[in-house]
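Geometric and topological summary
One letter stands for each residue in the lines below.
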Amino acid sequence: MTTPPHNEPKELFTSTAADYARHRPGIPPEAVSLLAETMRTADHPALLDLGSGTGQVPAALLPAVPRIDRVDLVDPDQDMLRQAATTLEPLLGARPAGFHPVAAEDFTPPCDGYRADLITCARSFHWMDRSAVLKMADRATTPEATVAIMGDGSLWTYRAEWTAALKQLIQSYLGDERRAGTGGVYAGPGRRFEDDLAASPFHQVTERRFPVRRVWTPAQVLGYLRSTSFARPGLFGDRHDRHDRFEAEALELLERHSEHTGLVEDAVFTVLLARRPGGKA
């Protein structure tokens, strides 16, 4: 995996929580099973999810691992955490859960003796101060804990005829460079996640790759775009008609491609499982 430079996440996804919850792809079942296996030997496992967004990872893991004893979600966007709380309420039962509106590296244990058995980070590690996050993880985990870094790219990076046409349309409105919220642009890949992990206590790393085929509808793609850092409505300026015009053109484009080739995305969901030396295989 490769990573872009650090950006401040608070400016990237403001006011996108509802679209994020509705339109972002979930965690593949094979990846959920893999994560569940990392907690197999823990009696009362604690899950710490960083960059939680709307809580997709805990929502997938709670039914898969009924023994999970505590869940903590960390995200600087309070709207995301409110959406996550609504999603998780029927899944938690009497189990305690913490919702922490801070940057991942600023997470502090919610109680004395707290130690997470699994730290997850899905589609968000690239926005973080990765070195500081891994130092925090070293302080907040059990000796046998796993750190799972996950991701599968985006429709901006996926190469297909329909995504190329969509990207060109976005660029015609917002410029050639990929936007990263209102504060800047995506400057390209930096150090690989594997290199970040190699420099941390969690340098025993295994990689698993899961092919995922998604078939989008035009409406789903539009909803997805509203949730992104590179095409959310706020990037189109204060005039709503400019974003409305973009969505009308995008819908026409997507419907045309959907009729001819379908809006197919063949993604690969990658999971890096990182442990301290001597940890579980």
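As a reminder, the structure under discussion sits directly above these lines.
Let us look at the structure shown here. (Residues numbered from 1 in each chain as written. Predicted model: local features only at pLDDT ≥ 70, side-chain atom pairs only at ≥ 80, totals over all residues. Heavy atoms only, no water.)

Focus on the overall build of the chain
Helix and strand counts for the chain stand at nine helices and seven strands. Restricting the contact set of the chain to residue pairs at least 6 apart, pairs at least 24 apart contribute 84%. Measuring between centres, the 32 positive side-chain charges of the chain sit 3 Å from its 38 negative side-chain charges. (Helix = DSSP H or I, 4+ residues; strand = E, 2+ residues; numbered from the N terminus. Contact = heavy atoms within 4.5 Å. Lys, Arg positive; Asp, Glu negative; His and termini not counted. Charge placed at Lys NZ, Arg CZ, Asp CG, Glu CD.)

Some words on unusual backbone geometry
Positive phi, normally seen in glycine, also occurs at Arg 123, with a value near 55 degrees. Relative to the helices and strands, Arg 123 resides in the loop between strand S4 (116-122) and helix H5 (130-139). For Arg 123, a relative accessible area of 15% gives the class buried. (Buried < 20%, exposed > 50% of the residue type's maximum accessible area, 1.4 Å probe, protein only.)

Section: the packing of aromatic side chains
Applying the stated criterion across every chain yields a total of seven aromatic pairs. For the pair Phe 125 and Phe 193, a centre-to-centre distance of 5.1 Å together with 75 degrees between the ring planes defines the contact as edge-to-face. With Phe 125 in the loop between S4 and H5 and Phe 193 in helix H7 (residues 193-198), this pair connects stretches of sequence that are 68 residues apart. Taken individually, Phe 125 and Phe 193 each receive the classification buried, so the pair is uniform in this respect. When the centroid spacing of 5.3 Å and the interplanar angle of 70 degrees are considered together, the rings of Trp 216 and Tyr 224 count as edge-to-face. You can call Tyr 224 buried: its relative accessible area is 6%. Following the ring pairs from residue to residue traces out a cluster consisting of Tyr 173, Phe 236 and Phe 246. (Phe/Tyr/Trp six-rings, centres within 6.5 Å; stacked < 30°, edge-to-face > 60°.)

Side note on the pattern of salt bridges
If you walk through the whole model with that rule in mind, you get 14 salt bridges. Taking the shortest distance from any N to any O, the salt bridge between Asp 19 and Arg 226 comes out at 3.6 Å. With Asp 19 in helix H1 (residues 17-23) and Arg 226 in helix H8 (residues 218-226), the pair connects residues that are 207 residues apart, well separated along the chain. The class for Asp 19 is buried, based on a relative accessible area of 15%. As a salt-bridge pair, Asp 196 and Arg 191 come within 3.0 Å of each other at their nearest N and O atoms. With relative accessibility at 42%, the residue Arg 191 sits in the partly exposed group. One salt-bridge network, held together by shared partners, links Asp 19, Arg 22, Arg 226 and Glu 247. (Salt bridge = Lys/Arg side-chain N within 4 Å of Asp/Glu carboxyl O.)

Some details on helix H6 (residues 161-174)
For H6, built from 14 residues, the straight-helix expectation of 20 Å at 1.5 Å per residue is met to within 8% by its first-to-last C-alpha distance of 20 Å. Of all the residues in H6, the buried ones are Trp 162, Thr 163, Ala 165, Leu 166, Leu 169, Ile 170, Tyr 173 and Leu 174. Down the axis of H6, the buried set is contained in an arc of 160 degrees. They therefore lie on one face. Those residues of H6 that are exposed and angled more than 90 degrees off the buried face are Glu 161, Gln 168 and Ser 172. Looking at the buried residues of H6, the elements they touch are strand S6 (204-216), H8, helix H9 (240-260) and strand S7 (263-275). The first or second residue beyond H6 is Gly 175, which carries a positive phi of 100 degrees. (Expected span 1.5 Å × (residues − 1). Arc of directions from axis to C-beta.)

By themselves, these observations are geometric and do not establish any function.
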